[in-house]
Amino acid sequence: MKDNFRQSMKWFHTWVGLIVGWILFFMFLTGTLGYFYQEITRWMEPERPFIEHNISNEQLINIAQTYLKKNAQDVDEWDIDLPTARNQNLRVGWRHPPEAGKKRGRYESSVVDIATGEKVESRATGGGRLLYRMHYRLHYLSTKISYWIVGFCSMLMLLAVITGVVIHKKIFTDFFTFRAKKGLPGWLDIHNVLSVIALPFHFMITYSGLLFFLFTYMALSTNLQTNEDEYREMRKEIYPRTPHAQSTNQPAKMIDISVLYQQAKNSWQADELSTIEVFAANDSNAQVRFVRHETDITYNPNDEVLVNAITGEMITHTPREYTAAGIIHNGFFSLHEGQFAGPIARWIYFFTGLIGTAMIASGLILWTTKRKPQQMKKPNGPDFGYRLVEQLNIGTIVGLPIAIAMYFYANRLLPIDMADRVNWEANVMFISWALLLVYPAFRPANKAWHEQLQLAALVYIALPLVNILTTDKHLINSLLQQDWGLAAFDLTLLGVGCCFAFSAYKYKALTVDKKTSRQRVKQDKSVGNEKLLQLQRVSKGNG
Amino acid sequence: MLILICLCFPAMVLLCLAMNKHREQVLTQTVPKLMIRFFRPLAWLLLMFTAYLSIELFGWSIGPALLFGALTIAVLLLTLLLTYRAKIVPQLAIVLPFMASLSVVPINF
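The written sequence of each chain sets the order in which its residues are numbered from 1. Written order determines the labels here, with chains lettered from A and ligands numbered from 1. In keeping with the model being predicted, local features are shown solely for residues with a pLDDT of at least 70 and side-chain atom pairs are shown and tallied solely at 80 or more, while totals for entire chains, interfaces and linings include all residues. Excluded from the side-chain calculations are hydrogens and water; all other atoms, namely the structure's heavy atoms, are used.

**Brief notes about a positive patch on the surface**
Residue and element names in this part refer to chain A. Under the convention used in this document: Residues enter patches when they are more than 30% accessible in relative terms and free of salt bridges; like-charged ones are connected within 9 Å and nonpolar ones (Val, Leu, Ile, Met, Phe, Trp, Tyr) within 5 Å. Values of accessible area rely on a 1.4 Å probe in the Shrake-Rupley scheme; residue burial ignores everything except the protein chains shown. Counted as salt bridges are all cases of a side-chain nitrogen of Lys or Arg within 4 Å of a carboxyl oxygen of Asp or Glu. When charges are counted, Lys and Arg are positive and Asp and Glu negative, with His and the chain ends excluded. The atoms used to mark charge sites are NZ of Lys, CZ of Arg, CG of Asp and CD of Glu. Strands here are runs of E lasting at least two residues and helices are runs of H or I lasting at least four, both read from the DSSP assignment and numbered beginning at the N terminus. With a 1.4 Å probe rolled over the protein chains alone, any residue whose accessible area is under 20% of its type maximum counts as buried; one over 50% counts as exposed, and the rest are partly exposed.
Together, Lys10, Lys169, Lys170 and Lys370 make up a positively charged patch on the protein surface. Within the fold, Lys170 resides in the loop between helix 5 (143-167) and helix 6 (183-197). In this structure Lys170 comes out as partly exposed when scored by relative accessible area, which is 46%.

**Comments concerning the UniProt feature "transmembrane region" (unreviewed entry) in chain B**
The following threshold applies: UniProt positions are given in the numbering used here, feature names are shortened, and annotations may be inferred rather than shown by experiment.
As recorded in UniProt, the sites labelled "transmembrane region" (unreviewed entry) are residues 34-55, 62-82 and 88-107 of chain B. Between the C-alpha atoms that bound residues 62-82 of chain B the distance is 30 Å, and the span itself is 100% helix and 0% strand.

**Thoughts on the interface of chain B and chain A**
In plain terms, the rule: Pairs of residues are marked as contacts when any of their non-hydrogen atoms sit within 4.5 Å. Buried area adds together the accessible area that both of two parts lose upon being put together, with accessible area traced by a 1.4 Å probe. Any N or O atom pair separated by 3.5 Å or less is treated as a polar contact, with the protein-specific requirement of one donor-capable and one acceptor-capable atom, and with residues adjacent in sequence counted only for side-chain atom pairs. Residue polarity is assigned by list, with Asp, Glu, Lys and Arg as charged and Ala, Val, Leu, Ile, Met, Phe, Trp, Tyr, Cys and Pro as nonpolar; anything else, Gly included, falls into the polar class.
Chain B puts 28 residues into the contact, and the matching count from chain A is 25 residues. Taken together, both faces of the contact between chain B and chain A bury some 2,100 Å²; the carbon and sulfur share is 78%. At the surface where chain B touches chain A, the tally comes to 1 salt bridge. Residue Asp174 of chain A pairs with Lys21 of chain B through a salt bridge whose shortest N-O separation is 2.9 Å. Counting across the chain B and chain A interface gives 4 residue pairs in polar contact (both at pLDDT 80 or more). Broken down by secondary-structure element, the contributors of at least two residues to the side of chain B that touches chain A are helix 1 (2-17), helix 2 (20-26) and helix 3 (33-84) of chain B. Among the elements that make up the side of chain B that touches chain A, the one with the highest residue count is helix 3 of chain B (17 residues). Looking at the side of chain B that touches chain A, its residues break down into 20 nonpolar, 7 polar and 1 charged.

**Section: the packing of helix 7 (residues 199-212) of chain A against helix 12 (residues 324-337) of chain A**
Residue and element names in this part refer to chain A. Going by this rule: Lines fitted to the C-alpha atoms define the axes, with helices restricted to the stretch that makes contact. Angles between their N-to-C directions range from 0 to 180 degrees. An angle counts as roughly parallel when it lies under 35 degrees, as roughly antiparallel when it exceeds 145, as roughly perpendicular when it falls between 65 and 115, and as oblique in every other case. Crossing handedness is read from the near helix: turned anticlockwise from the far helix by less than a right angle, it gives a left-handed crossing, and turned clockwise, a right-handed one.
Running from N to C, helix 7 and helix 12 point in directions that differ by 125°, and their axes come no closer than 9 Å. Compared by their axis directions, helix 7 and helix 12 come out oblique. The handedness of the crossing between helix 7 and helix 12 is left-handed. Contact residues: helix 7 offers Met204, Ile205, Tyr207, Ser208, Gly209, Leu211 and Phe212, while helix 12 offers His329, Phe332, Phe333, Leu335, His336 and Glu337. Partitioning the contact of helix 7 with helix 12 into residue classes produces 8 nonpolar, 4 polar and 1 charged.

**Some thoughts on the layout of surface pockets**
All names here are of chain A. Basically, it comes down to this: Here the term cavity refers to a set of points on a 1 Å grid, laid over the protein atoms alone, in which a 1.4 Å probe fits but cannot get out; the term pocket refers to an open set having protein on both sides within 12 Å along at least five of seven lines, with lining residues being those that place an atom within 4 Å of a point. Grid points are joined across faces, edges and corners, and a volume is the space filled by probe spheres set on the points.
By volume, the second largest pocket is sized at about 1,100 Å³. In this structure, the second largest pocket is lined by 40 residues; those nearest its centre are His13, Ile167, Leu188, His191 and Leu366. Elements represented by at least two residues in the lining of the second largest pocket include exactly helix 1 (2-34), helix 5, helix 6, helix 7 and helix 13 (343-377). The biggest single contributor to the lining of the second largest pocket is helix 1, with 11 residues. For the lining of the second largest pocket, a count of residues per class yields 18 nonpolar, 12 polar and 10 charged.

**Some thoughts on the state of the cysteines**
Residues and elements named next belong to chain B. Here is the rule we go by: When two cysteine sulfur atoms lie within 2.5 Å, the pair is treated as a disulfide.
In the structure shown here, the tally under the stated rule is 0 disulfides over all chains. As a non-bridged cysteine, Cys6 has Cys8 as the owner of its nearest cysteine sulfur, 9.5 Å distant. Owing to a relative accessible area of 11%, Cys6 belongs among the buried residues under this scheme.

**Brief notes about empty space enclosed by the protein**
Left-over empty space is what a probe sized like a water molecule reveals as it rolls over the atoms. Residue and element names in this part refer to chain A. Following the criterion strictly, the structure yields 1 cavity of 30 Å³ or more and no others. By volume, the largest cavity amounts to about 50 Å³. His168, Asp174, Phe175, Thr177, Asp189, Asn192, Val193 and Val196 are the residues that line the largest cavity. For the lining of the largest cavity, the per-class residue count stands at 3 nonpolar, 3 polar and 2 charged.

**Concerning helix 1 of chain B**
In plain terms, the rule: In a helix, the anticipated span is given by 1.5 Å times the number of residues less one.
In a regular helix each residue adds 1.5 Å, so 16 residues correspond to 22 Å; helix 1 of chain B covers 23 Å between its end C-alpha atoms and thus fits that length. Helix 1 of chain B sits mainly inside the fold: 15 of its 16 residues count as buried.

**A few points about the UniProt feature "transmembrane region" (unreviewed entry) in chain A**
Under the UniProt annotation, the feature "transmembrane region" (unreviewed entry) is placed at residues 12-37, 145-167, 188-215, 347-367, 388-410, 422-441, 453-469 and 484-505 of chain A. Annotation note: span residues 422-441 of chain A, helix share 85%, strand share 0%, distance between end C-alpha atoms 31 Å.

**Let's talk about the domain arrangement of chain A**
Often, the extent of an interface is quoted as the loss of accessible area upon association of its parts. All names here are of chain A. Defined as follows: Those domain boundaries reflect an automatic or database domain assignment.
According to the domain assignment, chain A contains domain 1 (1-47 + 122-240 + 338-374) and domain 2 (378-543). Centre-to-centre separation of domain 1 and domain 2, based on C-alpha positions: 23 Å. Taken together, the 33 residues of domain 1 in the interface contact 39 residues of domain 2. Counting every contact that joins domain 1 to domain 2 gives 0 salt bridges. Every element with two or more residues in the side of domain 1 that touches domain 2 is listed here: helix 1, helix 2 (37-44), helix 4 (127-133) and helix 13. No other element matches the 9 residues that helix 13 contributes to the side of domain 1 that touches domain 2. Its residues placed into classes, the side of domain 1 that touches domain 2 shows 20 nonpolar, 6 polar and 7 charged.

**Side note on the packing of helix 7 of chain A against helix 13 of chain A**
Residue and element names in this part refer to chain A. It is the contact of helix 7 with helix 13, at a shortest axis distance of 10 Å, that shows an interaxial angle of 85°. Taken together, the axes of helix 7 and helix 13 lie roughly perpendicular to each other. Every residue of helix 13 that contacts helix 7 at Phe201, His202 and Met204 is listed here: Tyr349, Thr352, Gly353, Ile355, Gly356 and Met359. The residue makeup of the contact of helix 7 with helix 13, split by class, is 5 nonpolar, 4 polar and no charged.

**Some words on the side chain of Thr50 of chain B**
Within the element layout of this structure, Thr50 of chain B appears in helix 3. Leaving out residues up to four positions away in the same chain, Thr50 of chain B has contacts with Leu4, Leu7, Cys8 and Leu67 of chain B.

**Points about the environment of Ala501 of chain A**
Tracing the chain through its elements places Ala501 of chain A in helix 18 (residues 484-521). On the basis of relative accessible area, Ala501 of chain A is assigned to the partly exposed category, the value being 30%.

**Examining the nonpolar core**
The cut-off we apply is this: In plain words, nonpolar cores are sets of buried Ala, Val, Leu, Ile, Met, Phe, Trp, Tyr and Cys residues tied together by side-chain atoms within 4.5 Å.
One finds Leu131, Phe176, Ile404, Phe408 and Met429 of chain A together with Leu78 of chain B to be the most contacted residues of the largest nonpolar core, which totals 132 residues. Ranked by the residues each element gives to this core, the list is headed by helix 3 of chain B, at 17 residues. Taken domain by domain, this core gets at least three of its residues from each of domain 1 (1-47 + 122-240 + 338-374) and domain 2 (378-543) of chain A. By size, the runner-up hydrophobic cluster in this structure holds 32 residues, among which are Ile63, Trp78, Leu260 and Ile276 of chain A.

**Some remarks on the sheet that holds strand 3 (residues 107-112) of chain A**
Backbone hydrogen bonds are what pair the strands of a sheet, in a parallel or an antiparallel way. All names here are of chain A. Let me state the cut-off plainly: Should DSSP find at least two bridges between two strands, the strands are taken to pair.
Spatially, 3-2-1-4-5-6-7 is the arrangement adopted by the 7 strands of the open sheet, whose pairing is antiparallel. The outermost strands of the open sheet, each flanked by one partner alone, are strand 3 and strand 7 (314-315). In the sheet, strand 1 (residues 77-81) pairs with strand 4 (residues 273-279) via 5 bridges, with the strands oriented antiparallel. Directly across from Asp81, in strand 4, lies its bridge partner Thr275.

**Let's talk about the packing of aromatic side chains**
Residue and element names in this part refer to chain A. The test is simple: Side-chain rings of Phe, Tyr and Trp, where Trp is taken by its six-membered ring, are said to pair if the distance between their centres is within 6.5 Å; with planes under 30 degrees apart they count as stacked, over 60 as edge-to-face, and otherwise as tilted. Two conditions define a charge sitting above a ring: the NZ of Lys or the CZ of Arg must be within 6 Å of the ring centre, and it must be within 35 degrees of the ring normal.
Counted under the stated rule, the structure contains 32 aromatic pairs over all chains. Aromatic pair Phe175 and Phe176: ring centres 5.2 Å apart, planes at 85°, arrangement edge-to-face. By the ring-pair criterion, three or more aromatic residues cluster together here, those being Tyr37, Tyr132, Tyr136, Tyr147, Trp148, Phe212, Phe213, Tyr217 and Phe333. Here the basic side chain of Arg412 rests over the ring of Trp43, its NZ or CZ set 3.8 Å away from the ring centre. Here Lys473 stacks its cationic end above the ring of Phe50, 5.2 Å away from the centre of that ring.

Take a look at the structure:
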């Protein structure tokens, strides 16, 4: 009975994983990049200046305030985002008064050059935001359909995680076991290790991912059991809104924001400002809110300091009241997105995300590795289904990273004044992915693996070089300016390229090894062997 | 954050030394049976201490999340080392926590 149960779970795990594996791979990889979406956007807007060292928060606030005074009159709300470890530029934003018939006005945001105090005109780009939005808003599909597809895949992923734990017989005795063997046992170990070491992450990310579109997936419940008012009440519970100061239309002189900042500094006992919000600027009711980097997954009222901008007094603001359900909901969101994470924790998020991606990839490869010996014995060659899986594996596992590199190439190489440039960046990415998905159909599987790995290595290593040729924000300059955020991006590209080059080299070495060992055995001339010989001839011809 | 990884790593090494097959991989000399019995409780003790430290440093909500992240990285490192460089595991398990405690870099996460 027990074995029977495990068998059926194994069957379920195998097929569920196969059906949604490629979409999950796409979701995991683009989602993982999302942990660095600000850094990616910064790289994709090379017009933005380098980081400015040795400048105090007060000086930055003054520059921002001067800019806002000049460019954002008659606006209710100002935002100032100070340079952080993630985004080294000063950014200001404001919301225009709503147009007739609309609830909210247009939001305008611009990067300010610290040296000149002027706006930086950047090229049109989707940036990191577009890339990470793809992981739940599948680019070309409509919002509703993508949410349902993503939800379906995440649900199956959750089931795959749970069944995976059930069918793993020796989860504790094999906790540290990874045997670097060829073929099936090696891939099984890789899959197991990658799953087990980041199991809390896999479970958390899938479960919280499902929570994001709760109201879509639980449509029956939200539509039938609750009426419109109850629904609004519930949303208010989850996202409590604090009414902020409204303008009274009586102009008054504000104290400089940099002076007001002293209040926040005193309250925090530290100089760690992240964002400033100014309400009813230059009005008798003006207020300024200082926000520092989050120190809690859910909500810490002390992270915000509210100051009266006319008198300079601190206002004891009533903290937003979250219910227990609201806190759990927001806590899962924050965990999923890693909003609280500093530089090292962010890199760990990134790596665990990659572990998840690699886990899915190894699972997909495991499916073909397991069936390979049997399929190769077939007189007419492997089945269509097997070849399709192999083709999609190659096209996705190596093809998608190449396509993402093409997205970055498009950013650098498409004409700056091109119409619809943002869309074309993404189009280039999906066109190259489509090509790489089709390509393996016309090549023997191990050739296609090797060639695409080589291509991946080439595009990633060449990307920083293209960056040198097309912009002045390249690796050498960013290292000289000690702009580590920017340099890290180029260095990561080189690192990824080297990983692909290494795996291409390893792949070649392993397949050559396999061939020679098979030759030594000298089996009868079966169809499989004839094919092998043909392959060898081709490879000799190439070499 | 780094200090968490540096403490999680020796805890995981102790857990792995408590298992026969891994002990043979890592250590060449035989270890007295009595000592082996202490490996597992010690590992859990160290892990509890690391959990306490992470909550002390980062608070109740962020602390546990970072602890799991640190564990993932520590186990990944250990698993790879066991396969490719098993002999340096004990040295690393001793050096890492020392480096963490001596580091003058202010702890940020």
